[in-house]
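What the coordinates show
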Amino acid sequence: EPEVTQTPSHQVTQMGQEVILRCVPISNHLYFYWYRQILGQKVEFLVSFYNNEISEKSEIFDDQFSVERPDGSNFTLKIRSTKLEDSAMYFCASTFLLGGNYGYTFGSGTRLTVV
Amino acid sequence: DAKTTQPNSMESNEEEPVHLPCNHSTISGTDYIHWYRQLPSQGPEYVIHGLTSNVNNRMASLAIAEDRKSSTLILHRATLRDAAVYYCIPRDDKIIFGKGTRLHILP
């Protein structure tokens, strides 16, 4: 069964450093998403991406965050200057078409620890 | 987004059926009802979705009330591996997670 692959599985970084979280969505999917989950809290929507541009973003997704699809397979989330409160699990997801009749496939996540 | 109400937690014995309820009284006529689950230390996983009719797949069944204001996810024979947080999500666009129901399975 096709999978969404995320790397690395765990990233430790110092406060103020830039991090790039990587995702390989399912190959024929067209819509891509990033979510995050702070320990013990619910999964929160960050951003959606389609046709090489952001289609929607949440309040969490401020100027410190950016997304990119640099080639035909990767989808990345960059945090420019990490803060302690950015420590969380980050999940990438993809889907083939918009609309309620299609489910999302999520990756296993990257655990980001900012020290 | 339609508001949902789910029990915070439920408990079931292994190998018995589990019925996980969800109220979504403000759902719009075109919103599908999706269920996802999150196993410990994993990403969310699609379980099932439907619009009006009851649905079955290899993981579960989804029973949707006639007025569509509620639905029930049915796990026919729970195993220890089904212990997870289950999310009911009415959607026509992006998926927004609530707090879900934490399901405990007793051996």
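Above this text is the structure in question.
Fair warning: this is a prediction, and the values are worked out from it, not measured in the lab.

Cut-offs applied
- Residues numbered from 1 in each chain as written.
- Chains lettered and ligands numbered in written order.
- Predicted model: local features only at pLDDT ≥ 70, side-chain atom pairs only at ≥ 80, totals over all residues.
- Heavy atoms only, no water.
- Salt bridge = Lys/Arg side-chain N within 4 Å of Asp/Glu carboxyl O.
- Helix = DSSP H or I, 4+ residues; strand = E, 2+ residues; numbered from the N terminus.
- Buried < 20%, exposed > 50% of the residue type's maximum accessible area, 1.4 Å probe, protein only.
- Core = buried A, V, L, I, M, F, W, Y, C linked by side-chain atoms within 4.5 Å.
- Contact = heavy atoms within 4.5 Å.
- Pairing = 2+ DSSP bridges.

As a further point, take the pattern of salt bridges. Inspection of the entire model under this criterion finds 6 salt bridges over all chains. The salt bridge involving Arg 36 of chain A is made with Glu 44 of chain A; its shortest N-O contact spans 3.1 Å. For the salt bridge of Glu 15 of chain B with Arg 77 of chain B, the shortest nitrogen-to-oxygen distance reads 3.6 Å. Linking Glu 15 of chain B in the loop between strand S1 (9-13) and strand S2 (18-23) with Arg 77 of chain B in the loop between strand S7 (70-75) and strand S8 (84-91), this pair joins segments that are 62 residues apart in sequence. You can call Glu 15 of chain B partly exposed: its relative accessible area is 49%.

Our focus in this paragraph is the nonpolar core. All names here are of chain A. In terms of nonpolar packing, the biggest core is built from 21 residues, with Trp 34, Leu 46, Phe 61, Val 67, Phe 75, Leu 77 and Tyr 90 touching the most fellow members. Every element with two or more residues in this core is listed here: strand S3 (19-24), strand S4 (31-37), strand S5 (44-50), strand S7 (65-68), strand S8 (75-79), strand S9 (88-95) and strand S11 (110-114). Beyond its immediate chain neighbours, meaning those up to four positions away, Tyr 90 contacts Gln 6, Leu 21, Trp 34, Tyr 35, Arg 36, Leu 46, Phe 65, Leu 77, Ile 79, Gly 109, Thr 110 and Leu 112.

Strand residues, when the strand is regular, have side chains that alternate between the two faces of the sheet. Residues and elements named next belong to chain B. Counted residue by residue, S8 has 8 buried out of 8 residues, so it is predominantly covered. Alternating residues of S8 divide into Ala 84, Tyr 86, Cys 88 and Pro 90 and Val 85, Tyr 87, Ile 89 and Arg 91, and every residue in both groups is buried. By the bridge criterion, 7 bridges tie strand S3 (residues 32-38) to S8 in an arrangement that is antiparallel. From the neighbouring strand, Gln 38 faces S8, where its bridge partner is Val 85. The sheet contact formed by S8 and strand S9 (residues 101-106) spans 3 bridges and is antiparallel. Counterpart to Ala 84 in the pairing with S9 is Leu 103.

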